[in-house]
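As a plain string of letters, each chain reads:
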Amino acid sequence: QVHVAESGGGLVQPAGSLRLSCAASGSIWRIYVMGWYRQAPGKQRELVAAITPGGMTNYADSVKGRFTISRDNAKNTVFLQMNSLKAEDTAVYYCNVDCAAYSDNVRRNYWGQGTQVTVSS
């Protein structure tokens, strides 16, 4: 079993900052890509940022220069530092962990329950 849990969402004013955290736990053999997705009301879920075990990153064009993804491989955690937030960043943010469990060594995607980020004055 693999469990993914996010934290750090909330209400912030435009131009403000938030830091999201995500921890993966359970019988994890190996973690590959970790990422953040978001889904706004009436829209499809979209990739925000992703990071490989070696630190290679990928960002959505809409967040480049404002958001920074990082990870701590020893603690199976991933972070998303969000600066210069805009109203259009309002969404539920989901953590995604691409990993293999000890039970069968099969690579799967695991999702957290999501954390709400609201940018409003």
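Residues numbered from 1 in each chain as written. Predicted model: local features only at pLDDT ≥ 70, side-chain atom pairs only at ≥ 80, totals over all residues. Heavy atoms only, no water.

**Considering the overall build of the protein chain**
Stage number 1. Looking only at helices and strands, the protein chain features zero helices and eleven strands.
Stage number 2. For 121 residues, the compact-globule estimate of 2.2 N^0.38 gives 14 Å, and the protein chain sits close to it at 14 Å.
Stage number 3. Seen through its C-alpha atoms, the protein chain measures out along the principal axes to roughly 45 × 25 × 20 Å.
Stage number 4. For the protein chain, the residues scored as buried account for 42% of the 121 residues in total.
Stage number 5. Averaging the positions of the 12 positive and the 8 negative side-chain charges in the protein chain gives two centres separated by 2 Å. (Helix = DSSP H or I, 4+ residues; strand = E, 2+ residues; numbered from the N terminus. Rg over C-alpha atoms; globule rule 2.2 N^0.38 Å. Buried < 20%, exposed > 50% of the residue type's maximum accessible area, 1.4 Å probe, protein only. Lys, Arg positive; Asp, Glu negative; His and termini not counted. Charge placed at Lys NZ, Arg CZ, Asp CG, Glu CD.)

**Describing the pattern of salt bridges**
Stage number 1. Scanning the entire structure with this criterion turns up six salt bridges.
Stage number 2. A salt bridge links R66 to D89; its shortest N-O distance comes to 2.7 Å. Residue R66 is located in the loop between strand 6 (57–59) and strand 7 (67–72), and its partner D89 is located in the loop between strand 8 (77–82) and strand 9 (91–101); the two are separated by 23 residues in the primary sequence. For the residue pair R66 and D89, the accessibility class agrees, reading buried in each case.
Stage number 3. Where salt bridges share partners, they join R38, E46, R66 and D89 into one cluster. (Salt bridge = Lys/Arg side-chain N within 4 Å of Asp/Glu carboxyl O.)

**Digging into the sheet that holds strand 8**
Stage number 1. Spatially, the four strands line up as an open sheet ordered 1-3-8-7, and their pairing is antiparallel. Because the sheet does not close on itself, it has two edges, and the strands there are strand 1 (2–7) and strand 7. Between one strand and the next, the sheet's axes are offset by a mean angle of 15°, whatever the strand orientation.
Stage number 2. Relative to strand 8, strand 7 runs antiparallel, the two sharing six bridges. When the sheet's bridge partners are listed, R71 is paired in strand 8 with V78. (Pairing = 2+ DSSP bridges. Axes fitted to C-alpha atoms, helices over the stretch in contact; angles between N-to-C directions.)

**Some thoughts on the pairing of strand 9**
Stage number 1. Taking burial as the measure, the eleven residues of strand 9 include ten buried ones, the bulk of the element.
Stage number 2. When strand 4 (residues 28–39) meets strand 9, the two strands line up antiparallel, connected through nine bridges. The residue bridging Y37 from the neighbouring strand is Y94, located in strand 9.
Stage number 3. Bridge analysis of strand 9 against strand 10 (residues 107–111) gives five bridges, and the strand direction is antiparallel. Across the sheet, residue D98 finds its bridge partner in strand 10, namely N109.
Stage number 4. In sequence, strand 9 turns back onto strand 10 through a hairpin of five residues, with N105 there showing a positive phi of about 55°.

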